[in-house]
Amino acid sequence: QVQLVESGGGLVQPGGSLRLSCTASGSFFSLNHMGWYRQTPGKERELVATITSDGSTNYADSVKGRFTISRDNAKNTVYLQMNSLKPEDTAVYYCHMRNHYGIDYWGKGTLVTVSS
């Protein structure tokens, strides 16, 4: 059973930074597409950033220039470095993985709160 475990969420002031981590169990991590999504109450889950197996990245317009997604295949881990955080970045952040069979997996989420 594949598991995704997120960490790194918390409370941060506007303008601050946080780094989220997501570690995946299982094999062949380097072949998998990884991503971060976020959701706030009453809204649909939205894409934040993705990174493919070959390292290509994609970002939502709202986070371009502030967030950076990266991966360490040796550690089965994907990261989301979040800088210049804004109150509107407050959400539950979910790690997503699509394996080489096209099967999707989700983490349980980690809460990020941006507030003074």
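Owing to the predicted nature of the structure, the values given are computational and were not obtained by experimental measurement. (Residues numbered from 1 in each chain as written. Predicted model: local features only at pLDDT ≥ 70, side-chain atom pairs only at ≥ 80, totals over all residues. Heavy atoms only, no water.)

1. Re the pattern of salt bridges
Inference 1: Per the counting criterion, the structure on display carries 5 salt bridges.
Inference 2: Measuring nitrogen to oxygen at the nearest pair gives 2.7 Å for the salt bridge that ties Asp89 to Arg66. With Asp89 in the loop between strand S8 (77-82) and strand S9 (91-98) and Arg66 in the loop between strand S6 (57-59) and strand S7 (67-72), this pair connects stretches of sequence that are 23 residues apart.
Inference 3: In this structure Asp89 comes out as buried when scored by relative accessible area, which is 1%.
Inference 4: Between Asp104 and Arg98 there is a salt bridge whose closest N-O contact spans 2.7 Å.
Inference 5: A relative accessible area of 34% places Asp104 in the partly exposed class.
Inference 6: Residue Arg98 is classed as partly exposed on the basis of its relative accessible area, which comes to 39%.
Inference 7: A cluster of three or more residues bridged by salt bridges with shared partners is formed by Arg38, Glu46, Arg66 and Asp89. (Salt bridge = Lys/Arg side-chain N within 4 Å of Asp/Glu carboxyl O. Helix = DSSP H or I, 4+ residues; strand = E, 2+ residues; numbered from the N terminus. Buried < 20%, exposed > 50% of the residue type's maximum accessible area, 1.4 Å probe, protein only.)

2. Section: the state of the cysteines
Inference 1: Overall, the coordinates contain 1 disulfide when judged by the stated rule.
Inference 2: The disulfide bridge from Cys22 ends at Cys95, spanning 2.1 Å between sulfur atoms. Looking down the S-S bond of the Cys22 and Cys95 bridge, the torsion is -80°, so its handedness is left-handed. With Cys22 in strand S3 (residues 18-24) and Cys95 in strand S9, this pair connects stretches of sequence that are 73 residues apart. (Disulfide = S-S within 2.5 Å.)

3. Comments concerning the environment of Asn76
Inference 1: Note that Asn76 resides in the loop between S7 and S8.
Inference 2: Between the C-alpha atom of Asn76 and that of Ala91, which follows or precedes it by 15 residues, the distance is 24 Å.
Inference 3: Apart from the residues lying within four places of it in its own chain, the contact partners of Asn76 are Cys22, Thr23, Ala24, Gly26 and Phe29.
Inference 4: Side-chain polar atoms of Asn76 contact the backbone oxygen of Gly26, separated by 3.1 Å. (Contact = heavy atoms within 4.5 Å. Polar contact = N/O pair within 3.5 Å; in protein donor to acceptor, adjacent residues only side chain to side chain.)

4. Some details on the packing of aromatic side chains
Inference 1: Applying the stated criterion to the full structure yields 1 aromatic pair.
Inference 2: Centre to centre, the rings of Tyr37 and Trp106 are 5.1 Å apart; their planes meet at 70°, and the pair counts as edge-to-face. Highlighted residues: Tyr37 in strand S4 (residues 33-39) and Trp106 in strand S10 (residues 104-106), separated in sequence by 69 residues.
Inference 3: When its relative accessible area of 18% is taken as the criterion, Tyr37 is described as buried.
Inference 4: Here the guanidinium or amino end of Arg45 rests over the ring plane of Tyr94, the centre of that ring lying 3.6 Å away.
Inference 5: Directly above the aromatic system of Trp106 lies the positively charged group of Arg45, at a separation of 4.7 Å from the ring centroid. (Phe/Tyr/Trp six-rings, centres within 6.5 Å; stacked < 30°, edge-to-face > 60°. Lys NZ or Arg CZ within 6 Å of the ring centre and 35° of its normal.)

In short, the description is geometric, and any link to function would need to be established separately.
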